[in-house]
Amino acid sequence: MVDGVIFVWFAWMGLVIAVFFQKASFNRTLLAFVFLLAICLIHTTIETFNVAVSALWLLLLGCGYFLLMKYRVNTVYAMIILIMLTAAFTAIQLFAIYDPVFTFLYTRWSISAILLVIIHLTINGTFERCSFLILSIVHGEMILGMIFNGMGFERVIGELASLDILAISVMSTAIWSGFVKVTLHLEKLLKKHQERRGYS
């Protein structure tokens, strides 16, 4: 599979949902703009201090911290969880480089699953979870870029393969949140139906 395809696919899905299925508001316009900008910047890189940085990486860095500040997550707890997620992502990526077996075991989907388990056990709230997922992968990419550049290898900070992992993780979180809301709504309807039958 070509790197970045999953990210572009989910970005287009998010854009369609934001434009056609959300009520007209500033938040909808901002969300649609971010999705469209992300699609446009996917192949754009910026050279800074002899290091290639993806323009999309910079956009995601800003979005992650914007969500984190908007929902006012506890600072100390946030740092601990962010370090944990970043360490998990970075360690798996490094193991996959040094041991070929990890390349087959830890694919985009399996790495996303590991991050999802950690984030759902530690953080509540869909947007808070998304902000932590974005920041963990963004910081993990920065650490990997520094390690590779220190070893004399060229590596773009914000590789497309990592963006695929981010897309899978964030989209899975959104789908799970939607599933929980639908389940709670059906549970309320069932309780109302049972109450009506009890009173009749």
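Residues numbered from 1 in each chain as written. Predicted model: local features only at pLDDT ≥ 70, side-chain atom pairs only at ≥ 80, totals over all residues. Heavy atoms only, no water.

A. Summary view of the overall build of the protein chain. Secondary structure assignment for the protein chain yields eight helices and two strands. When the elements of the protein chain are put in sequence order from the N terminus, they spell out α-α-β-β-α-α-α-α-α-α. Split into buried and exposed, the 200 residues of the protein chain put 39% on the buried side. Across the protein chain, every contact between residues at least 6 apart in sequence was considered, and the portion connecting residues at least 24 apart equals 71%. For the protein chain, the exposed area adds up to about 12,500 Å²; of that, 71% sits on carbon and sulfur atoms. (Helix = DSSP H or I, 4+ residues; strand = E, 2+ residues; numbered from the N terminus. Buried < 20%, exposed > 50% of the residue type's maximum accessible area, 1.4 Å probe, protein only. Contact = heavy atoms within 4.5 Å. Areas by Shrake-Rupley, 256 points an atom, 1.4 Å probe, with all protein chains shown as cover.)

B. How the structure looks around the pairing of strand E1 (residues 45-48). In this structure, E1 lies alongside strand E2 (residues 51-54), joined through four bridges in antiparallel fashion. Bridge pairing in E2 places glutamate 47 opposite alanine 52. (Pairing = 2+ DSSP bridges.)

C. Structural view of a nonpolar patch on the surface. The grouping of Ile97, Tyr98, Ile143, Ile147, Met151 and Phe153 at the surface amounts to a nonpolar patch, some 580 Å² of accessible area in total. The set of elements that each furnish at least two residues to the nonpolar patch consists of helix H4 (75-98) and helix H7 (126-150). Since its relative accessible area comes to 44%, isoleucine 97 is described here as partly exposed. (Patch = residues over 30% accessible without salt bridge, like charges linked within 9 Å, V, L, I, M, F, W, Y side chains within 5 Å. Salt bridge = Lys/Arg side-chain N within 4 Å of Asp/Glu carboxyl O.)

D. Representation of the side chain of serine 54 within the structure. Tracing the sequence through the fold places serine 54 in strand E2. Exposure remark for serine 54: the relative accessible area of 2% places this residue in the buried category. Within the structure, the side chain of serine 54 is placed 3.2 Å from the backbone nitrogen of leucine 56, a separation counted as a polar contact. Residues in contact with serine 54, not counting those within four places in the same chain, are Thr44, Thr45, Val156, Ile157 and Gly158. (Polar contact = N/O pair within 3.5 Å; in protein donor to acceptor, adjacent residues only side chain to side chain.)

E. Quick peek at the pattern of salt bridges. Under the criterion given, the structure shown has five salt bridges. Here arginine 155 and glutamate 159 are joined by a salt bridge, their closest N and O atoms 3.3 Å apart. Since its relative accessible area comes to 10%, arginine 155 is described here as buried. Given a relative accessible area of 31%, glutamate 159 falls into the partly exposed group. Between lysine 191 and glutamate 187 there is a salt bridge; the shortest N-O distance is 3.9 Å. Here glutamate 187 and lysine 191 lie together in helix H8 (residues 160-199), a separation of four residues that amounts to about one turn. The partly exposed category is assigned to lysine 191, whose relative accessible area is 48%. Among the charged side chains, a network of salt bridges with common partners joins Asp3, Arg108 and Asp164.

F. Examining helix H6 (residues 108-122) more closely. The end-to-end C-alpha distance of H6, which contains 15 residues, comes to 22 Å, matching closely the 21 Å that a straight helix rising 1.5 Å per residue would cover. Those residues of H6 not exposed but buried are Arg108, Ser110, Ile111, Ser112, Leu115, Leu116, Ile118 and Ile119. (Expected span 1.5 Å × (residues − 1).)

G. Broad picture of the nonpolar core. Grouped together as the largest cluster of nonpolar side chains are 44 residues, with contacts concentrated most on Leu56, Leu115 and Phe132. The set of elements that each furnish at least two residues to this core consists of helix H1 (5-20), E2, helix H3 (55-70), H4, H6, H7 and H8. (Core = buried A, V, L, I, M, F, W, Y, C linked by side-chain atoms within 4.5 Å.)

H. The arrangement of the packing of aromatic side chains in detail. Inspection of the entire model under this criterion finds three aromatic pairs. Taken together, a centroid distance of 6.5 Å and an interplanar angle of 70° make the contact between phenylalanine 148 and phenylalanine 153 edge-to-face. On the accessibility criterion, phenylalanine 153 (49% relative accessible area) is partly exposed. Their ring planes at 35° and their centres at 5.6 Å tell us that tryptophan 176 and phenylalanine 179 sit as a pair that is tilted. Of this pair, tryptophan 176 and phenylalanine 179 both sit in helix H8, three residues apart, roughly one helical turn. For tryptophan 176, a relative accessible area of 44% gives the class partly exposed. The residue whose ring lies beneath arginine 155 is phenylalanine 148, and the NZ or CZ to ring-centre distance is 5.4 Å. (Phe/Tyr/Trp six-rings, centres within 6.5 Å; stacked < 30°, edge-to-face > 60°. Lys NZ or Arg CZ within 6 Å of the ring centre and 35° of its normal.)

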